[in-house]
Amino acid sequence: MSDARPKPIPIPDDLTRPFWEAARERRLVLQRCATCNYYNHPPRHACDACLSQQLRFEPVSGLGRIHTFTIMHQRDVPGFESEAPFINIVVELEEQPALFMLSNLPISERDRLRIGAPVKVEFEDRGNGEIVPQFRIC
Ligand SMILES: [Zn+2]
């Protein structure tokens, strides 16, 4: 018998709501500065590059490369008990150097895993309309 807990779902706030609303429509948008065009992720109150507060959300390609990874063996992460071991990856999106997002991969992807591997966003349905962007090797 399984005592697995559900995976975490997004809890949007005023800063992150546009990101999560777009994800529900299976679109990836990131906060971008209207003054200098720098992407900020996670969303900020002021641009990391120029401190402007003129920030908006824009669609991005959803394409990137694996910047780094780790294998997660811990079996008591809520919602992920039955998936361990799995792979945590840091994705660098193609839009900007050091524009990073986190994701995970099934352990079945281990043979294809390497730094620099190309990835593409996919959208994981966690039930009740909650959608979480994830990346997969392409
Ligand atoms: Zn800026």
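Counting restarts for each chain, with residues numbered from 1 along the sequence as it is written. Local features are withheld for residues below a pLDDT of 70 in this predicted model, meaning they are given only at 70 or higher, and side-chain atom pairs are given and counted only at 80 or more; totals for whole chains, interfaces and linings count all residues.

Draft legend 1. Representation of the overall build of the protein chain within the structure. The helix and strand labels rest on DSSP assignments: H or I over at least four residues marks a helix, E over at least two residues marks a strand, and numbering proceeds from the N terminus. In terms of helices and strands, the protein chain carries 1 helix and 8 strands. Oriented by its inertia axes, the alpha-carbon framework of the protein chain measures out at about 55 × 35 × 25 Å. Exposure criterion: with C-beta atoms placed from backbone coordinates, a residue whose C-beta has 20 or more other C-beta atoms within 10 Å is buried, one with 12 or fewer is exposed, and one in between is partly exposed. When burial is assessed residue by residue, the protein chain has 17% of its 138 residues classed as buried.

Draft legend 2. Looking closely at the sheet that holds strand 3 (residues 55-59). Here 3 strands make up an open sheet; going across it, the order is 2-1-3 and the pairing antiparallel. In this open sheet, the two strands that pair with only one neighbour each are strand 2 (39-40) and strand 3. Two strands pair when backbone bridges link them, and strand 1 (residues 29-33) and strand 3 are joined in this way by 5 bridges, in the antiparallel orientation. By the bridge assignment for strand 3, Leu-30 is matched with Glu-58. Here, strands pair whenever DSSP counts at least two bridges between them.

Draft legend 3. Structural context of the pairing of strand 6 (residues 100-106). Going residue by residue along strand 6, you find Met-101, Ser-103 and Leu-105 tucked away on one face and Phe-100, Leu-102, Asn-104 and Pro-106 left uncovered on the opposite face. Linkage of strand 5 (residues 86-93) to strand 6, two consecutive antiparallel strands, is achieved through a turn of 6 residues, within which Ala-98 is found at a positive phi near 65°.

Draft legend 4. Layout of the environment of Phe-86. For Phe-86, the position within the fold is in strand 5. We classify Phe-86 as buried; it has 20 C-beta atoms within 10 Å. Considering only alpha carbons, one finds Phe-86 and Ser-52, 34 residues apart in sequence, at a separation of 39 Å. The contact partners of Phe-86, leaving out residues within four places of it in the chain, are Met-72, Phe-80, Asn-104, Leu-105, Pro-106 and Ile-107. By the convention adopted here, residues are in contact when the distance between their C-beta atoms, placed from the backbone, does not exceed 7 Å.

Draft legend 5. The sheet that holds strand 7 (residues 118-125), seen in detail. Read from one edge to the other, the open sheet built from 5 strands follows the order 6-5-4-7-8, with strand pairing classed as antiparallel. Each edge of the open sheet carries a strand with a single partner, namely strand 6 and strand 8 (131-137). On average, adjacent strands in this sheet sit at an angle of 40° to one another, irrespective of strand direction. Pairing of strand 5 with strand 6 involves 7 bridges; the strand directions are antiparallel. Bridging from a neighbouring strand, Val-91 pairs with Met-101 of strand 6. Axes, fitted as lines to C-alpha atoms, cover a helix only where it is in contact. Angles between the N-to-C directions of the axes lie from 0 to 180 degrees.

Draft legend 6. View of the domain arrangement of the protein chain. Note that the domain bounds reflect an automated or database-derived domain assignment. In terms of domains, the protein chain is made up of domain 1 (13-60) and domain 2 (61-138). The centre of domain 1, based on its C-alpha atoms, is set 20 Å off from the matching centre of domain 2. Contacts between domain 1 and domain 2 engage 7 residues on the former and 13 residues on the latter. Each residue is assigned to one class: nonpolar for Ala, Val, Leu, Ile, Met, Phe, Trp, Tyr, Cys and Pro, charged for Asp, Glu, Lys and Arg, and polar for all the others, Gly among them. In terms of residue class, the side of domain 1 that touches domain 2 is made up of 4 nonpolar, 1 polar and 2 charged.

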